[in-house]
Amino acid sequence: MKLCMGCMNEIEDHLSTCPYCGFNELTLRQESYYLDPGTVVGGKYIVGRVLNYGGHTVSYLGMDAESSRKVIVKEYLPSDFSTRSEGEKDVTIYSGDGQVQFEQGLTNFLNEANRIQHLQNAPGIARVYDCVAENETGYVISEYVEGKTLKEILDGGKKYTAEEAAAFTGKILQGLAGVHQMDIVHCDISPETIMVTDRGDIKLMDFGATRYVTTANSKSLSIILKRGYAPEEQYRSKGKRGPWTDVYAMGAVMYRMMTGTVPQESVERALSDDLKEPSKMGVAIPKNMENALMNALNVYQDERTPSAEVFLKELNSDNVKRIKVKQRKNKTGKFPLWAKGLVAVLACAVAAGGAYVIHNMSGNNAESLKSEAVFMPQIAGKPLEEAQGIMDELNKKYGWEIQLTESGNTVFDMEMGGKIYSQGIEPGAELYDPAKAEQELAEGLQIDSEGKITGTVSYALYSNEKLRFSEISGLNAYALAQKLGIATEESTQFHGEKEEGDRHDYFDLKSIEVAGESYTAEKLKENQDEEIKYSEDIKINYYASPFFYWKKLPDFVGKNIDALEEQNVYEYKNEKDRQKAGTKPLKGSNLVKDSYYAMSSKGSVGQIVEQTVAAGEKYDASYPGDTPLEIRVIGKTFDYQGKTGQEFIDEITAEGFGMAVFIGSRGKSGDGNWYKSLPIMSVKVCETRLDGDYENADELLYFKKENENNEQSICFYITVKEPEPPKPKPDISPSPSPTPTPAPSPLPEPADSRTFN
């Protein structure tokens, strides 16, 4: 038997045409720069036929050989900066600025996917399973969804009622609210990127298809715009994109679902807004719902619904007011004059609902974009020798002397050993800009009077030899086996032992044996600075204790962990059959993670805020599969009521948080002792932002410290009450007369007369 590269079903070896999908491997013709069908990436993902190519990423049908499931394999391959020779695996990256831009985009591509990978089972969002750096580029492995695109459904004549469209939209908005909290924006939502499965499930697909060629210095911009679904800020190189960008697109999708009409192009609406409300097109829609929809479709960001969370709330609210839109006919500064020319270009397009590819568009003349600024290249993920060569080339080109220095930290990875894990100066960070009178140099660098830059860039390495205690202490045996690439089926390397009593959870680590030494779980926790030298004879021993099992997982979110009844636990009679072994409280088990914090106004201690496997799904803790269950619980809350800034800072500092920004009630920001002495009015918790724009940042309802060295990932945005300024004393001095007047007759002076100076 073999796999059909067209549908990934097994077919007889002698067949060239698939009986399931009709794919003929003999007549296959793909572009030479695509991977050949049958190529394996990441050691287990088999690449099949190309599904689509948007100019930046190629999507292939794939098969996860280990899990025997179909997947989407998305490859980063921006045509502006790279190509591939026929029959080759490695991508050829264009030299010069093209290489910097390729590497910056690749970093963003993999980093974003890695963050979405940790957002398990978000409603309405297709899952990301894995990220792979290989063939001089990157791959994102995501969920394969069988069904129809919403575009196919709508093109077939389907119209949704207002209630149906709101419920449909709401499912995606729920997932987007979680994605947006991670500072990720889709920027390409349309009926083409929304799938409806045969069971009626809704999935937003294709995060990251269009944004990874925008570079740090914005020298070149290539974006894909979907007619009618892209808001005006996406047409501008300096347009500010955020959650509101996806809100507009989701509003446009909902509008199309009800009316059957794609909304008027946003760039046209900026000049003359003729978009009609659905009720004026014969759609029966509640007024509050229509207001919520039209607020989401306002042309400009500052008048639009700000987030998916607010849009979802308004769709289900009985009291939504229409946001008043200001007249901007003469306000050319808000929308550049090039928009008028762009409208004419777009009007020439024939394919309604198609995508426009716009190169080098800017609100300024193209000449003004030219710059000789120099940016830090990408060296993370590359072998050390290659990274050294990149820095040597940079030094040679500019006459600099920047050295790479090893930090001494390592991160264990079987496949990446010898490559750079992280770099001390982020890729894309500005190293030098001749247009600036004063250079803002990255840490570790210096510049002399002639503009020569010297200094060091630190790096940390992946290692396939050093396994530090701090990397593995706290992991259960299953997670440790996955990290070390050890099969979790019963074997000589992965061994479970029953225990007397009920002190541990299934897969709790008992010990690690390697090179004749044994390391207990307790020893790993006590000696964080020590390390194990990895060898292939390593053995993991775990406790095979009674385990949790649910045919349908309950919905724990919103409940208090202390109020939950004890849950059934099971044990194995043999390899296939399990039997009930009593009950056990969830609290205290390794499924419960209570290291989360919240403001007391947003949650309470013991409140369950998230579960990583959705309610209703089957779950077996003795074989957790790809997504181990975590029940995330608030373990501590912060309260600012009645506290000064300093008192609150002392409280959060004691918990290991170290980042706070103060702002006065009259709008001034500062962090001096004067601000800290004032009473607090409000506190908003956000992820740390490089741009410092905490006023518009999304609020985190719950949060945690990832580790002891990561306290700066969370910022507390603190508003303090400033005292009212003193009122000026009234001026009671007599006004001088322009001309002398006769003195009045003297009057007797009152006894209580006062003199004011």
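The structure displayed is predicted, hence computed values, not measured ones.

### Here we look at the overall build of the protein chain
So, point 1. The number of helices and strands found in the protein chain is 14 helices and 37 strands.
So, point 2. Scored against the burial criterion, the 757 residues of the protein chain give a buried share of 46%.
So, point 3. For the protein chain, long-range pairs separated by at least 24 residues make up 67% of all intrachain contacts whose partners lie at least 6 apart in sequence.

### What about the sheet that holds strand β30 (residues 578-584)?
So, point 1. Strand order in the open sheet made by the 4 strands is β30-β29-β28-β33, with antiparallel pairing throughout. Every interior strand has two partners, whereas the edge strands, β30 and β33 (619-620), have only one.
So, point 2. One ladder, built from 2 bridges, connects strand β28 (residues 547-550) with strand β29 (residues 567-572); its direction is antiparallel. The residue of β29 that forms the bridge with Phe547 is Tyr570.

### What to know about the packing of aromatic side chains
So, point 1. Per the counting criterion, the structure on display carries 36 aromatic pairs.
So, point 2. An angle of 50° between the planes, with centres 4.9 Å apart, marks the rings of Tyr76 and Phe102 as tilted. With Tyr76 in strand β6 (residues 69-76) and Phe102 in helix α1 (residues 97-117), this residue pair connects regions lying 26 residues apart in the sequence.
So, point 3. Tyr76 gets classed as buried once you look at its relative accessible area, which sits at 0%.
So, point 4. Residue classification places Phe102 among the buried positions, given a relative accessible area of 1%.

### Side note on helix α4 (residues 243-259)
So, point 1. Taking 1.5 Å per residue as the helical rise, α4 with its 17 residues ought to reach 24 Å, and the 24 Å between its terminal C-alpha atoms agrees with that figure.
So, point 2. Here α4 lies mainly inside the structure; 17 of its 17 residues are buried.
So, point 3. Of the residues one or two after α4, Gly260 is the one with positive phi, at around 80°.

### Focus on the pattern of salt bridges
So, point 1. This structure, assessed with the given rule, holds 24 salt bridges.
So, point 2. Between Asp562 and Lys587 there is a salt bridge whose closest N-O contact spans 2.6 Å. Of this pair, Asp562 sits in the loop between β28 and β29 while Lys587 sits in the loop between β30 and β31 (592-599), and the two are 25 residues apart along the sequence.
So, point 3. Among the ionic pairs, Glu699 bridges to Lys602, the shortest N-O distance being 3.7 Å. Of this pair, Glu699 sits in the loop between β36 (680-687) and β37 (714-720) while Lys602 sits in the loop between β31 and β32 (608-611), placing them 97 residues apart in sequence.
So, point 4. Classification of Glu699 by relative accessible area gives partly exposed; the value is 23%.
So, point 5. One network of salt bridges, with partners in common, ties together Glu103, Lys382 and Glu386.

### Quick word on the nonpolar core
So, point 1. Counting residues in each nonpolar core, the largest one holds 72 residues, and the members touching the most others are Val73, Phe168, Leu176, Ile194 and Met254.
So, point 2. If sequence neighbours within four positions are ignored, Val73 has contacts with Val41, Tyr45, Val47, Val58, Ser59, Tyr60, Gly62, Tyr139, Val140 and Ile141.
So, point 3. In terms of nonpolar packing, the next biggest core, distinct from the first, is built from 43 residues, Phe469, Ile472, Val569 and Ile631 among them.

### A closer look at the pairing of β29
So, point 1. Relative to β30, β29 is paired through 5 bridges, and the arrangement is antiparallel. When the sheet's bridge partners are listed, Tyr572 is paired in β30 with Arg578.

### Concerning the sheet that holds strand β34 (residues 631-638)
So, point 1. The strand order across the open sheet built from 3 strands is β31-β34-β32, with neighbouring strands paired in mixed fashion. The two strands at the open ends of the sheet, each matched to only one other strand, are β31 and β32. The average angle at which neighbouring strand axes cross in this sheet is 35°, direction not considered.
So, point 2. Note that β31 and β34 share 6 bridges and pair parallel. Bridge pairing links Ala598 to Thr637 in β34.

### Points about the environment of Leu176
So, point 1. Its location among the elements puts Leu176 in helix α3 (residues 162-181).
So, point 2. With relative accessibility at 0%, the residue Leu176 sits in the buried group.
So, point 3. Residues Leu176 and Gly124, 52 residues apart in the sequence, show an inter-C-alpha distance of 8.0 Å.
So, point 4. Those residues within four positions of Leu176 in sequence are excluded, and the remaining contacts are Ile125, Ile189, Leu204, Phe207, Asp246, Met250 and Ala308.

### Focus: the state of the cysteines
Put plainly, two cysteines are in a disulfide when a covalent bond ties their sulfur atoms together.
So, point 1. All told, the structure shown has 0 disulfides when counted by the stated rule.
So, point 2. A disulfide-free cysteine, Cys18 has its sulfur positioned 3.6 Å from the sulfur of Cys4, the nearest such atom.
So, point 3. Using a relative accessible area of 3% as the deciding quantity, one classes Cys18 as buried.
So, point 4. Here Cys715 stays unpaired: no disulfide links it, and the sulfur of Cys686, its closest cysteine neighbor, is 6.4 Å away.
So, point 5. Its relative accessible area of 0% is what places Cys715 among the buried residues.

### A word on the confidence of the model for the protein chain
So, point 1. Taken residue by residue, the protein chain gives an average pLDDT of 81. The fraction at 70 or more is 84%.
So, point 2. Within the protein chain, no element has a lower average pLDDT than helix α8 (residues 338-347), which sits at 48, and none a higher one than β34, at 96.
So, point 3. With pLDDT under 50 throughout, residues 329-338 is counted as low confidence; its partners more than four residues away or in other chains account for 17 contacts.
So, point 4. In this model residues 343-354 is a low-confidence stretch, pLDDT under 50, and it forms 15 contacts with partners more than four residues away in sequence or in other chains.

### Regarding the pairing of strand β10 (residues 137-143)
So, point 1. With 7 of its 7 residues buried, β10 lies for the most part within the structure.
So, point 2. Sheet topology note: the β6/β10 ladder contains 5 bridges and is antiparallel. The residue of β10 that forms the bridge with Ile72 is Ser142.

### Digging into the packing of helix α6 (residues 287-296) against helix α7 (residues 308-315)
Geometrically, a packed helix pair is captured by the angle between its two axes and the distance between the axes.
So, point 1. Taken N-terminus to C-terminus, the directions of α6 and α7 make an angle of 160°; their axes are 8 Å apart at the nearest point. Relative to α7, the element α6 lies roughly antiparallel. Of the two possible hands of crossing, α6 and α7 adopt the one that is left-handed. Counting all contacts with α6, which are made through Asn288, Met289, Ala292, Leu293, Asn295 and Ala296, the residues of α7 involved are Phe311, Glu314 and Leu315.
So, point 2. Residue composition of the contact of α6 with α7, by class: 6 nonpolar, 2 polar and 1 charged.

### Brief notes about the packing of α3 against α7
So, point 1. Here α3 crosses α7 at 150°, and the two axes come no closer than 8 Å. With respect to α7, the axis of α3 lies roughly antiparallel. Here α3 runs over α7; the crossing is left-handed. For the pair α3 and α7, the contacting residues are Ala166, Thr169, Gly170, Leu173, Gln174, Leu176, Ala177 and His180 in the first and Ala308, Glu309, Phe311, Leu312 and Leu315 in the second.
So, point 2. Class assignment of the residues belonging to the contact of α3 with α7 gives a composition of 8 nonpolar, 4 polar and 1 charged.

Conventions used here
- Residues numbered from 1 in each chain as written.
- Predicted model: local features only at pLDDT ≥ 70, side-chain atom pairs only at ≥ 80, totals over all residues.
- Heavy atoms only, no water.
- Helix = DSSP H or I, 4+ residues; strand = E, 2+ residues; numbered from the N terminus.
- Buried < 20%, exposed > 50% of the residue type's maximum accessible area, 1.4 Å probe, protein only.
- Contact = heavy atoms within 4.5 Å.
- Pairing = 2+ DSSP bridges.
- Phe/Tyr/Trp six-rings, centres within 6.5 Å; stacked < 30°, edge-to-face > 60°.
- Expected span 1.5 Å × (residues − 1).
- Salt bridge = Lys/Arg side-chain N within 4 Å of Asp/Glu carboxyl O.
- Core = buried A, V, L, I, M, F, W, Y, C linked by side-chain atoms within 4.5 Å.
- Axes fitted to C-alpha atoms, helices over the stretch in contact; angles between N-to-C directions.
- Disulfide = S-S within 2.5 Å.
- pLDDT = per-residue confidence, 0-100.
- Parallel < 35°, antiparallel > 145°, perpendicular 65-115°, else oblique.
- Left-handed = near helix turned anticlockwise from the far one by under 90°.
- Nonpolar A, V, L, I, M, F, W, Y, C, P; charged D, E, K, R; others polar.

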